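# Tertiary structure, described
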Amino acid sequence: MDIHRRIQSQTSSTSTATPSKHAFETRVAEVKSPKSDINALILDYLLMEGYPKAAEKFQKEANLKPKQEDPTIKARQEIQHAIHVGDIQKAISDLNELDPGILDSDPHLHFSLLRLQLIELIRNARGYDPTAAINFAQEKLAPRAASNEQFLKELEKTMALLIFPPEKLQPDLAALLHSDLRRNTAAQVNEVVLQRHTERREAAIRQLVRMRAWAEASCRSKKRNLPDRIELGLNTGDDSGHEPMVMS
């Protein structure tokens, strides 16, 4: 009977034992990040990425002091939305209205938008007359591609969408029809507008994430004692003693 109880006691102790923390994780848990700093980063992200309503709501909930309003934020939001839904003509028109010289000063951005507009024309022409897409390519993109080898390669690749049915596209061609291309182009436009109007290309938190990734890679290359996997630390759960972030 005593042996049986002893085995049960040992089994219970083993199953409920808390895994010991890595020394690095213990040190991280001891660092208290001020909630005000975290909230300021979130607000900066919302403003820089073009979410004015979310930024206003978050600012009130987090009790943050109003920042000087960015006159481009609403325009940037509308331009990004137009790109996300495939209305590239509207995006180009709004972009020219916001900053008439922006596309003339950035041929690569202009070509990216025109190529995306061509892709949308091809997408809509599936099973129908592709004349509109062909004419657009000849009038808007071919003159630019004639003097730029990279533009020419991208145009030829895009025109291949007219030749092959969707189910037979190679991965690199199928990627042109994926929503990621719209998303990436919208982000590129947002960065260019930000740099021209605020002298910044992105939210501060993006720089911090890259810096953190660099620091981890540097430490691992030098064989520093680190856990096998390090969480980024953006979860809202509070199991480490840190104050939870206010979320909008």
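Fair warning: this is a prediction, and the values are worked out from it, not measured in the lab.

All right, on to the overall build of the protein then. A tally of helices and strands in the protein yields twelve helices and zero strands. For the protein, buried positions account for 31% of its 248 residues. Long-range pairs, those at least 24 residues apart, make up 62% of the contacts in the protein between residues at least 6 apart in sequence.

Here the protein averages 81 in pLDDT, and 82% of its residues register 70 or above. Segment residues 235-248: pLDDT under 50, and 33 contacts once partners within four positions in sequence are set aside and those in other chains are kept.

One finds Ile83, Leu95, Leu113, Leu118 and Val189 to be the most contacted residues of the largest nonpolar core, which totals 34 residues. Secondary structure elements with two or more residues in this core: helix H5 (73-84), helix H6 (88-98), helix H7 (107-124), helix H8 (131-145), helix H9 (149-159) and helix H11 (179-198). Broken down by element, the residue count for this core peaks at eight residues, all from H7. Excluding residues within four positions of it along the chain, Ile83 makes contact with Ile88, Ala91, Leu113, Leu116, Arg182, Thr185, Ala186 and Val189.

All chains considered together, the criterion is met by six salt bridges. Note that Arg123 is salt-bridged to Glu120, the shortest N-O span being 3.0 Å. On the criterion of helical spacing, the pair formed by Arg123 and Glu120 is a turn pair, its members being three residues apart in helix H7. According to the relative accessible area criterion, Glu120 is buried, its value standing at 6%. With its nearest N and O atoms 2.9 Å apart, the salt bridge here joins Glu120 to Arg182.

Relative orientation of the contacting elements H6 and H7 amounts to 155 degrees, with a least axis distance of 9 Å. On the basis of the axis angle, H6 is roughly antiparallel to H7. Facing Ile88, Gln89, Ile92 and Leu95 of H6, the residues of H7 in contact are Leu113, Leu114, Leu116, Gln117 and Glu120. Across the contact of H6 with H7, the residue classes break down as six nonpolar, two polar and one charged.

This part is about unusual backbone geometry. At Lys223, a position not held by glycine, the phi torsion is positive, near 60 degrees. Considering the arrangement of structural elements, one finds Lys223 in the segment after helix H12 (204-221).

Inspection of the entire model under this criterion finds one aromatic pair. Ring geometry for Phe111 and Phe151: centres 4.1 Å apart, planes at 0 degrees, overall stacked. In this pair, Phe111 sits in helix H7 while Phe151 sits in helix H9, placing the two residues 40 residues apart along the sequence. With respect to class, Phe111 is no different from Phe151; both count as buried.

Next up on the list: the packing of H8 against H9. With their axes 9 Å apart at the nearest point, H8 and H9 run at an angle of 160 degrees to one another. Judged by the inter-axis angle, H8 sits roughly antiparallel to H9. Viewed along their axes, H8 and H9 form a crossing whose handedness is left-handed. Contacts between H8 and H9 involve Ile134, Ala137, Leu141, Ala142, Arg144 and Ala145 on the former and, on the latter, Phe151, Leu152, Leu155 and Met159. Classifying every residue of the contact of H8 with H9 gives nine nonpolar, no polar and one charged.

Quick look at the side chain of Asn190 now. With respect to the secondary-structure elements, Asn190 resides in helix H11. What makes Asn190 buried here is its relative accessible area of 4%. Of note is the side chain of Asn190, whose polar atom sits 2.8 Å from the side chain of Arg76.

Bringing the side chain of Thr72 into the picture now. Its place among the elements puts Thr72 in the loop between helix H4 (52-61) and H5. The contact partners of Thr72, leaving out residues within four places of it in the chain, are Leu98, Val193 and His197.

About the thresholds
Residues numbered from 1 in each chain as written. Predicted model: local features only at pLDDT ≥ 70, side-chain atom pairs only at ≥ 80, totals over all residues. Heavy atoms only, no water. Helix = DSSP H or I, 4+ residues; strand = E, 2+ residues; numbered from the N terminus. Buried < 20%, exposed > 50% of the residue type's maximum accessible area, 1.4 Å probe, protein only. Contact = heavy atoms within 4.5 Å. pLDDT = per-residue confidence, 0-100. Core = buried A, V, L, I, M, F, W, Y, C linked by side-chain atoms within 4.5 Å. Salt bridge = Lys/Arg side-chain N within 4 Å of Asp/Glu carboxyl O. Axes fitted to C-alpha atoms, helices over the stretch in contact; angles between N-to-C directions. Parallel < 35°, antiparallel > 145°, perpendicular 65-115°, else oblique. Nonpolar A, V, L, I, M, F, W, Y, C, P; charged D, E, K, R; others polar. Phe/Tyr/Trp six-rings, centres within 6.5 Å; stacked < 30°, edge-to-face > 60°. Left-handed = near helix turned anticlockwise from the far one by under 90°. Polar contact = N/O pair within 3.5 Å; in protein donor to acceptor, adjacent residues only side chain to side chain.

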